[in-house]
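The lines below spell out each chain.
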2 protein chains.
Amino acid sequence: MSELDSIDTAMLRILQQNGRISNAELAERVGLSPSACSRRLDILEKSGVISGYHAHLSQKALDYRMIAIVHISLSGQFAKTLAEFEAAVKLCPNVLVCYLMSGEYDYILRVAAKDLADYERIHRDWLSALPHVVKINSSFALREIIDRPNVGV
Amino acid sequence: MSELDSIDTAMLRILQQNGRISNAELAERVGLSPSACSRRLDILEKSGVISGYHAHLSQKALDYRMIAIVHISLSGQFAKTLAEFEAAVKLCPNVLVCYLMSGEYDYILRVAAKDLADYERIHRDWLSALPHVVKINSSFALREIIDRPNVGV
DNA sequence: ACCGTCTTCGCAAGGACATTGCGCGTGACT
DNA sequence: AGTCACGCGCAATGTCCTTGCGAAGACGGT
């Protein structure tokens, strides 16, 4: 993919906020004809700049209401150690987010569970089984204050 | 909104994974006519069960590449203290996620910044100005391992 | 300067899609 | 039994998406 010009970034900004906008309206808002806009959108999708579109559900509609934040320390920082841990953590479907971090802990995870019993199962069957882990620290979200998909939306 | 039946939840599950699916295909996959599906979708959107649709962009396409995880402790747990903090934190557009937490810290924030200089500005102008804060601890994401919008996708 | 190439545009057409009104069937409640 | 409310499918209409096509502009080599 070549560089993104100002029209591409305008399209992306709009689609971040309204992923189901029609091509016709998107075209009008960025000042293109529908055909040109459709072709650009096709390129953005096929090149992977846009990795997908997702409906955002209100929390009450979700089966997975409980959010845990999990801090994890490994036994070392060797590349092989990190790679093995990362390959394993990717397999757990309840892990929504995982970052390699600076600071006290090596990784931070955002884990979704249906309830406390479900989290206990996830902790036992998945998190405890991750390789090279020497410390796991789970905290639970008591209330969601903000959950924005993108900056400034 | 009344209860969600199995067709509604099937629609939601599909839309979580593919927010730009056509109504015709969605109808076929849940076993409804396009008209019935369109009417159900309208209800789900208007009632707020679906709060929006968003394009998910690859990290390289984003202006905001840097993710900071910020732990915050307040000077007390009084309802008024929490409410004032929450009202203030909601105003910062760079805060993507904010949870009231159990455990050592009161709040955990996910903050997006363009670069370190941008984060320094956010920290100075927004985070330091939040009321009742007694401790702020910022960590930075070195690498993104997982970023799923939903469970099991 | 000229010409070939490459890119991206707008226009137009045909096919697909979304939406709305309408009538029917089902189940609950009187 | 009658009535009412609800949700469905069908059909029609208007809108939208996509693709082929030709033109305009950018760029580089001769």
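Since the model is a prediction, treat every value here as computed from it, not as a measurement.

(A) A look at the overall build of chain A. Each helix and strand counted, chain A has five helices and five strands in total. If you list the helices and strands of chain A from N to C, you get α-α-α-β-β-α-β-β-α-β. A compact globule built from 153 residues would reach a C-alpha radius of gyration of about 15 Å, whereas chain A, at 20 Å, exceeds it by more than 25%. In terms of its C-alpha atoms, chain A occupies a principal-axis envelope of roughly 55 × 40 × 25 Å. The buried share among the 153 residues of chain A stands at 43%. A sequence separation of at least 24 residues applies to 63% of the contacts in chain A between residues at least 6 apart. Just so you have it, chain A exposes about 7,500 Å², and 53% of that area is on carbon and sulfur atoms. Counting 17 positive and 18 negative side-chain charges, chain A places the averaged centre of each group 3 Å from the other.

(B) Molecular detail of the relation of the copies chain A and chain B. In screw terms, the move from chain A to chain B is a rotation of 180 degrees and a rise of 0.0 Å along the axis, fitting with an RMSD of 0.1 Å. Classification of the inter-copy transformation places it as that of a two-fold axis.

(C) Structural context of the environment of L96(B). You can see L96(B) is positioned in strand β3 (residues 95-101). For the pair L96(B) and L109(B), spaced 13 residues apart in sequence, the C-alpha to C-alpha distance is 7.4 Å. If near-sequence neighbours (up to four positions away) are discounted, L96(B) is found in contact with I146(A), D147(A), R148(A), N150(A), V151(A), R110(B) and A112(B).

(D) Seen up close, the protein's contact with DNA strand D. Around DNA strand D, the neighbouring residues are S22(A), N23(A), A24(A), S35(A), S38(A), R39(A), L32(B), S33(B), S35(B), A36(B), R39(B) and R40(B). In DNA strand D, atoms within 4 Å of the protein come 52% from sugar and phosphate. Between DNA strand D and A24(A) there is a distance of 2.8 Å, counted from a phosphate oxygen to a backbone nitrogen or oxygen. Here a base nitrogen of DNA strand D and a side-chain polar atom of S35(B) are 2.9 Å apart. Elements represented by at least two residues in the surface near DNA strand D include exactly α2 (23-30) and α3 (34-46) of chain A together with α3 (34-46) of chain B. At four residues, the largest contribution of residues to the surface near DNA strand D is made by α3(B). Of the residues in the surface near DNA strand D, the class split is three nonpolar, six polar and three charged.

(E) Highlighting empty space enclosed by the protein. On inspection of all chains with the given rule, the structure shows one cavity of 30 Å³ or more. Residue lining of the largest cavity: I69(A), V97(A), Y99(A), I108(A), L109(A), R110(A), I69(B), V97(B), Y99(B), I108(B), L109(B) and R110(B), and that is the complete set. Grouping the amino acids of the lining of the largest cavity by side-chain chemistry returns 10 nonpolar, no polar and two charged.

(F) Representation of the pairing of strand β5 (residues 133-147) of chain A within the structure. Note: strand β2 (residues 66-74) of chain A against β5(A), seven bridges, orientation antiparallel. Note that in β5(A) the partner of V70(A) across the bridge is S138(A). Pairing of β5(A) with β3(B) involves five bridges; the strand directions are antiparallel. Bridging from a neighbouring strand, A141(A) pairs with M101(B) of β3(B).

(G) Local environment of unusual backbone geometry. Residues and elements named next belong to chain A. The phi dihedral of H132 falls on the positive side, at around 70 degrees, and the residue is not glycine. Within the secondary structure, H132 is located in the loop between α5 (116-125) and β5. Look at H132 and you get partly exposed, because its relative accessible area is 28%.

Thresholds applied
By convention here, each chain's residues receive numbers from 1 onward along its written sequence. To read the labels, note that chains go from A and ligands from 1, taken in the order they are written. Owing to the predicted nature of the model, reporting of local features is limited to residues with pLDDT of at least 70; listing and counting of side-chain atom pairs is limited to 80 or more, with chain, interface and lining totals taken over all residues. No hydrogens and no water enter the side-chain calculation; it runs on all heavy atoms of the structure. Secondary structure counts use DSSP, requiring at least four H or I residues in a row for a helix and at least two E residues in a row for a strand, with both numbered from the N terminus. C-alpha atoms define the radius of gyration, and 2.2 Å times the number of residues to the power 0.38 defines the globule rule. Partly exposed residues are those whose accessible area sits between 20% and 50% of the maximum for their type, while under 20% is buried and over 50% is exposed, using a 1.4 Å probe and protein chains only. Contacts were defined at the residue level, with two residues in contact if any of their heavy atoms lie within 4.5 Å. Using a 1.4 Å probe, accessible areas were evaluated by the Shrake-Rupley method; residue-level cover was limited to the displayed protein chains. Counting rule for charge: Lys and Arg are taken as positive, Asp and Glu as negative, and neither His nor the chain ends is counted. By convention, the point assigned to a charge is CZ for Arg, NZ for Lys, CD for Glu and CG for Asp. What sets the superposition is a least-squares fit of C-alpha atoms, and only residues with pLDDT of at least 70 in both copies go into it. What makes a residue near a molecule or strand is one non-hydrogen atom of that residue sitting within 4 Å of it. Contacts described as polar in this section are N or O atom pairs within 3.5 Å, which, within protein, must combine one atom able to donate a hydrogen with one able to accept it, while residues neighboring in sequence count only if both atoms come from side chains. In this count, Pro and Cys sit with the nonpolar residues alongside Ala, Val, Leu, Ile, Met, Phe, Trp and Tyr, while Asp, Glu, Lys and Arg are called charged and the others, Gly among them, polar. The pocket and cavity definitions rest on a 1 Å grid over protein atoms only: a 1.4 Å probe that fits but cannot leave marks a cavity, an open set with protein on both sides within 12 Å along at least five of seven lines marks a pocket, and residues lining either have an atom within 4 Å of a point. Grid points are joined across faces, edges and corners, and a volume is the space filled by probe spheres set on the points. Only when DSSP finds a minimum of two bridges between them are two strands counted as paired.

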